[in-house]
Amino acid sequence: MKSFWMWIGGAITRTAGAGIVVGLFIVIYGAAPGQAVVDLLRVLPSWVTDPWFKFTLVVIGLVLIGASLHFNVWSLRQSAIDALAEDLSWAIHNLLNKPVSNEDDVASWETEFRTWCDKVSKKLERRAFFTRADQLHFDRLGFVPPANFGGSYNQKHEWLVSQLKLKFERLRDVINWTQLRKR
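Residues numbered from 1 in each chain as written. Predicted model: local features only at pLDDT ≥ 70, side-chain atom pairs only at ≥ 80, totals over all residues. Heavy atoms only, no water.

A. Representation of the overall build of the protein chain. Across its full length, the protein chain holds eight helices and zero strands. N-terminal to C-terminal, the α/β element order of the protein chain is α-α-α-α-α-α-α-α. Taking 183 residues into account, the globule formula puts the C-alpha radius of gyration at 16 Å, and the protein chain, at 27 Å, lies well above it. Total accessible area on the protein chain stands at roughly 12,600 Å², and carbon and sulfur atoms take up 67% of it. Side chains of the protein chain carry 22 positive and 17 negative charges; the gap between the two charge centres is 9 Å. (Helix = DSSP H or I, 4+ residues; strand = E, 2+ residues; numbered from the N terminus. Rg over C-alpha atoms; globule rule 2.2 N^0.38 Å. Areas by Shrake-Rupley, 256 points an atom, 1.4 Å probe, with all protein chains shown as cover. Lys, Arg positive; Asp, Glu negative; His and termini not counted. Charge placed at Lys NZ, Arg CZ, Asp CG, Glu CD.)

Here is the structure:
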């Protein structure tokens, strides 16, 4: 299915597809699409002038407009971006600002941190809005510079907070890149 959408994506293929459709119409109907419209308008069927038909067309038009407004790609993309922003906000409030005073707190914090990372990575799997590069940019940190966070309990907590800081930066990058994309 993905290759089908890629196939209809280019301007040359859309033009060629339109030519094929018009050609098939000429072969099946025996005239160009414009001539078919003229033939239809010259002798309208009786059901076209029926008031219920006109009312039905208006209702169908309103349903199509409502569906296009509800299911448009831009609002779906923005809701995906908003969900990432909510996750970022949650992590700031519940991870970065969470007091850690012993080893058990560090273990609990690490579990919550890993769960948050998995949740965000899962959201970045939506290829309609995010690329694999976006997901890898968030998931794979490479070198993690120290955060020098004053509220760290120990060296392990400092290392985890440093990862969190880098994840924040990477997630902000992904959000900004997604907003800038034209697709």
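B. Quick look at the confidence of the model for the protein chain. Scored by pLDDT, the protein chain comes out at a mean of 84, with 92% of its residues at no less than 70. Per-element confidence in the protein chain ranges from a low mean pLDDT of 56 for helix α1 (residues 2-7) to a high of 91 for helix α6 (residues 103-123). (pLDDT = per-residue confidence, 0-100.)

C. Looking closely at the packing of aromatic side chains. For the structure shown, the criterion picks out seven aromatic pairs. Ring geometry for Phe 129 and Phe 130: centres 6.4 Å apart, planes at 75 degrees, overall edge-to-face. The class for Phe 129 is buried, based on a relative accessible area of 6%. Grouped by ring-pair contacts, the aromatic residues Trp 116, Phe 138 and Phe 168 constitute a single cluster. (Phe/Tyr/Trp six-rings, centres within 6.5 Å; stacked < 30°, edge-to-face > 60°. Buried < 20%, exposed > 50% of the residue type's maximum accessible area, 1.4 Å probe, protein only.)

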